[in-house]
Amino acid sequence: VRGNDELGKEEMDESCSAGSIKAMASHIVGYPRMGPKRELKFALEAFWNNKSSAKELQKVAADLRLSIWKQMADAGIKYIPSNTFSYYDHVLDTTAMLGAIPPRYGWNGGEIGFDIYFSMARGNASVPAMEMTKCHYIVPELGPEINFSYASHKAVQEYEEAKAVVSALCEDEITRMTQYHGIDTVPVLVGPVSYLLLSKPAKGVDKSFSLLSLIDKILPVYKEVVDELKTAGASWIQFDEPTLVMDLDAHELRAFTHAYTELESSASGVNVLIETYFADVPAEAYKTVTALKGVTAIGFDLVRGSKTFDLIRNGFPPGKYLLLELALAVELSYEFFFVHSNKLVVSTSCSLLHTAVDSANETKLDEELKSWLAFAAQKLLEVNALAKALTGLKNEAFFSGNAAAHASRRLSPRVTNAAVRKAAASLRGSDHRRATNVSARLESQQKKLNLPNLPTTVLGSFPQTLGLRKIRREYKVNKISEEEYVEAIKEEIRKVVKLQEELDIDVLVHGEPEQRNDMVEYFGEQLSGFAFTDNGWVQSYGSRCVKPPIIYGDVSRPKAMSVFWSTLAQSMTKRPMKGMLTGPVTILNWSFVRNDQPRFETCYQIALAIKDEVEDLQKAGINVIQIDEPSLREGLPLRKYEQAFYLDWAVHSFRITNCAVQDSTQIHTHMCYSNFNDIIHSIIDMDADVISIENSRSDEKLLSVFHEGVKYRAGIGPGVYDIHSPRIPSTEEIAERINKMLAVLDSNILWVNPDCGLKTRKYSEVKPALSNMVAAAKLIRMQL
Ligand code: GLN
Ligand code: ZN
């Protein structure tokens, strides 16, 4: 810790002579809410399935909150957040707080309870749920007529709950007891401006309605909340305003000035902290936020926003607290450190919400690997150790342990693979694309594949039946032998192939029955450089959790991953069988990615591994290969100036995987969103031969890009029905959709397929739906 090593003698003396050493404060922006073993998930689902009472759910939630607060107190964290817990998501909590309940849920005033809250999140017997964005929060629906009222006192309740914690815990046997005489937390609220910017106009409200015009209507509720928190004893309130890192215009920025000026009088006497995170704060926004009078503290994410650091250097108001991420705090210049030392707070760069909870619960990870990782619980200790060290109270053992772990990681052959590094480095700045243009390639592929007009296909998975799951489970725990497992999977593939032939589908899939419960995990487990956890869950939304793999080292492919199954499936049919792979960008975006090299570097390494696989598939006689990239768009940075760079290396990574295949090998890709109008040129630049895309929920949106005259020459299969619903579409309905597509797309490039994989559906739904789909394609073919 440089700042510490160079700590001036005078400063040390001064702080010591003052009687106690000035401790630099530590702060946590937010914490995972699911619990170390997904306790909240199971409690929520039991409650939803009428297997437990509201009381039982509340008890699980309260226990989780308590254990988190205690854990933070034990770690020595000074500013401990509250109200970061949620039964679903914190934007929905804010909707409840503001009483912004869409009328269809029949709320008659009063405190929002589970019934209204979960109806908004999940729908009920008569009303569907509110929309969830791809960013996984429930989108507020607002309009000019709406009346807000203070309808959920959760923030105050959590604050008081923490304050009421009085218990004793034995810390070490001989001497001390840690006492919790009430934990004085920092209540966290979604800031008023970000709340409005994250909303959408309600149904029936003009799309051009200015959501920000509601600011004066919601501020009175915020004032009530602030007043109540103050009365309860809060001395700090944190407002999360993540939209400050976006590209905001002057009008939007003025809303911040207006809102926090309005709140200033209610908030007098409390420290108002504004948290920003996920990217750097643009210069104009920085000016706005640092000039806010009632605001006494600001948090910046210097991990993903290194440019903000330059702004801070050039001027940060002396009276305010500055909250900085820990690693950067270490690198602060000596001079800077002293200018602000008494108002500098060591914090996390953003909420720990999307970090795994505690590596202590991991049994699969070896000790060396564990020492390279910090889950949320470990980060608490780091933040505190760092805050202490910056004050001169360096825990030598902690820091030398940490330094040793870093050194072992840097030098470990598990991390570094020289050949991979060399190959990936040579990709940067160069270009990789197939030699022939897509129209010529499609011609050469058609000679080989001999497909009808409007060829039909499906996107990979078939229903994951109970029987199939059982086989996989039993194989995993060695209850059945490898031969038995292979035999059972083979049977499953045979069934799926036969069904597709009966349905008369043109390009077949093997159905992904082998251990593919997760399309990233399946490949990650076969690549080197990846690790997997038992409990490294993070909340996706509501009770849904994902367990991302950890990419800790250079990625390579020791041996073929999918060739065995794909060739087996191909041997069962004369029709073309698609090889099925997950693309490098999706593998990257759905993993925890190592932080010791740029993301694109890691992506290129994965791309090279997938390239090997693609070429092996081709060699083994697979003529059609689908490389799924459902998450390409999710990885898009928030700030516009960074987007082009991301798209450039992401698209390049995809092209690397198939740049060397023959013209006659057909490369497909699949994406899970229809909203790609703004990145259409990048999608064309991926240069796949055929792309299938989710479309079922918004024909207009997707097709409008072609209406606007974008010329598309590659094959394209906008989904003709929604696989997310059990509803079976009729032949007429599908035919109508195909006709709509033909209005903007040439018949010789159009494919007919569902909008995503079928794994969540039942065979009783899939069979008639696909049968209607094929019938519709045949019907239209005759009319061409
Ligand atoms: N091939 C995958 C499947 O069909 C695609 C899944 C996805 O797009 N998320 O299941
Ligand atoms: Zn999909």
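Residues numbered from 1 in each chain as written. Chains lettered and ligands numbered in written order. Predicted model: local features only at pLDDT ≥ 70, side-chain atom pairs only at ≥ 80, totals over all residues.

*Asks:* Residues and numbers for the overall build of the chain, please.
*Replies:* The secondary structure content of the chain amounts to 30 helices and 22 strands. Taking 2.2 N^0.38 as the reference for a compact globule, 784 residues should give roughly 28 Å; the C-alpha atoms of the chain span a radius of gyration of 28 Å, in line with that estimate. Projected onto its principal axes, the C-alpha positions of the chain cover 85 × 60 × 50 Å. The 784 residues of the chain split such that 44% are buried. (Helix = DSSP H or I, 4+ residues; strand = E, 2+ residues; numbered from the N terminus. Rg over C-alpha atoms; globule rule 2.2 N^0.38 Å. Buried ≥ 20, exposed ≤ 12 C-beta atoms within 10 Å, placed from the backbone.)

*Asks:* Quick one: what's the story with the site of ligand 1, residue by residue and with numbers?
*Replies:* Close to ligand 1 lie 13 residues, the nearest being Leu459, Gly460, Ser461, Pro630 and Gly757. Considered class by class, the residues forming the shell around ligand 1 number six nonpolar, four polar and three charged. (Near = placed C-beta within 6 Å. Nonpolar A, V, L, I, M, F, W, Y, C, P; charged D, E, K, R; others polar.)

*Asks:* Help me get a handle on the confidence of the model for the chain, residues and values and all.
*Replies:* Of all residues in the chain, 92% attain a pLDDT of 70 or more, and the chain-wide mean is 91. Under a pLDDT of 50 for its full length, residues 1–21 has, in the predicted model, 27 contacts with residues more than four places off or in other chains. Under a pLDDT of 50 for its full length, residues 170–175 has, in the predicted model, four contacts with residues more than four places off or in other chains. Model confidence for the complex: the whole-complex pTM is 0.91, and ipTM, which rates the interface, is 0.98. (pLDDT = per-residue confidence, 0-100. Contact = placed C-beta atoms within 7 Å.)

*Asks:* Help me get a handle on the sheet that holds strand β9 (residues 271–275), residues and values and all.
*Replies:* Strand order in the open sheet formed by eight strands is β1-β12-β11-β10-β9-β8-β6-β2, and the pairing between neighbours is parallel. What marks the edges here is a single partner per strand, and that holds for β1 (25–26) and β2 (81–82). Across two bridges, the pairing between β1 and strand β12 (residues 344–347) is parallel. Bridging across to β12, Ala25 finds its partner in Val345. Against the sheet, helix α7 (residues 154–163) engages β2 and β6 (186–190), with an angle of about 165° to β6. (Pairing = 2+ DSSP bridges. Axes fitted to C-alpha atoms, helices over the stretch in contact; angles between N-to-C directions.)

*Asks:* Account for the environment of Ile80, naming residues and giving values.
*Replies:* Its place among the elements puts Ile80 in the loop between α4 (54–75) and β2. For the pair Ile80 and Leu292, spaced 212 residues apart in the sequence, the C-alpha separation amounts to 24 Å. Every residue in contact with Ile80, bar those within four places of it in the chain, is listed here: Ile28, Trp69, Met72, Ala73, Ile183, Thr185 and Val186.

*Asks:* Explain the sheet that holds strand β21 (residues 690–693) to me, using residue names and the numbers behind them.
*Replies:* The strand order across the open sheet built from five strands is β17-β19-β20-β21-β22, with neighbouring strands paired in parallel fashion. Both edges of this open sheet fall to β17 (578–582) and β22 (715–718), since each of them pairs with a single strand only. Averaged over all pairs of adjacent strands, the angle between strand axes in this sheet comes to 20°, irrespective of strand direction. Summarising the sheet, strand β19 (residues 624–628) and strand β20 (residues 666–671) pair through five bridges and their orientation is parallel.

*Asks:* So what's going on with the pairing of β6? Residues and values would help.
*Replies:* In terms of residue burial, β6 counts as a mostly covered element, since five of its five residues are buried. Of the two faces of β6, both are covered, the one formed by Val186, Val188 and Val190 as well as the one formed by Pro187 and Leu189. Sheet analysis places β2 next to β6, joined by two bridges and oriented parallel. Bridged to Pro81 within β6 is Val186. As defined by bridge partners, β6 adjoins strand β8 (residues 236–240) across three bridges and the pair is classed as parallel. Paired with Val188 across the strands is Gln238, a residue of β8.

*Asks:* Got a sec to walk through the environment of Gly583? Specific residues and values, please.
*Replies:* With respect to the helices, strands and loops of the structure, Gly583 is situated in the loop between β17 and α24 (584–589). Along the backbone, Gly583 and Leu381 are 202 residues apart, and their C-alpha atoms lie at a distance of 36 Å. Once residues within four sequence positions are removed from consideration, Gly583 is found in contact with Ile610, Ile627, Asp628, Glu629, Phe654, Thr657 and Thr669.

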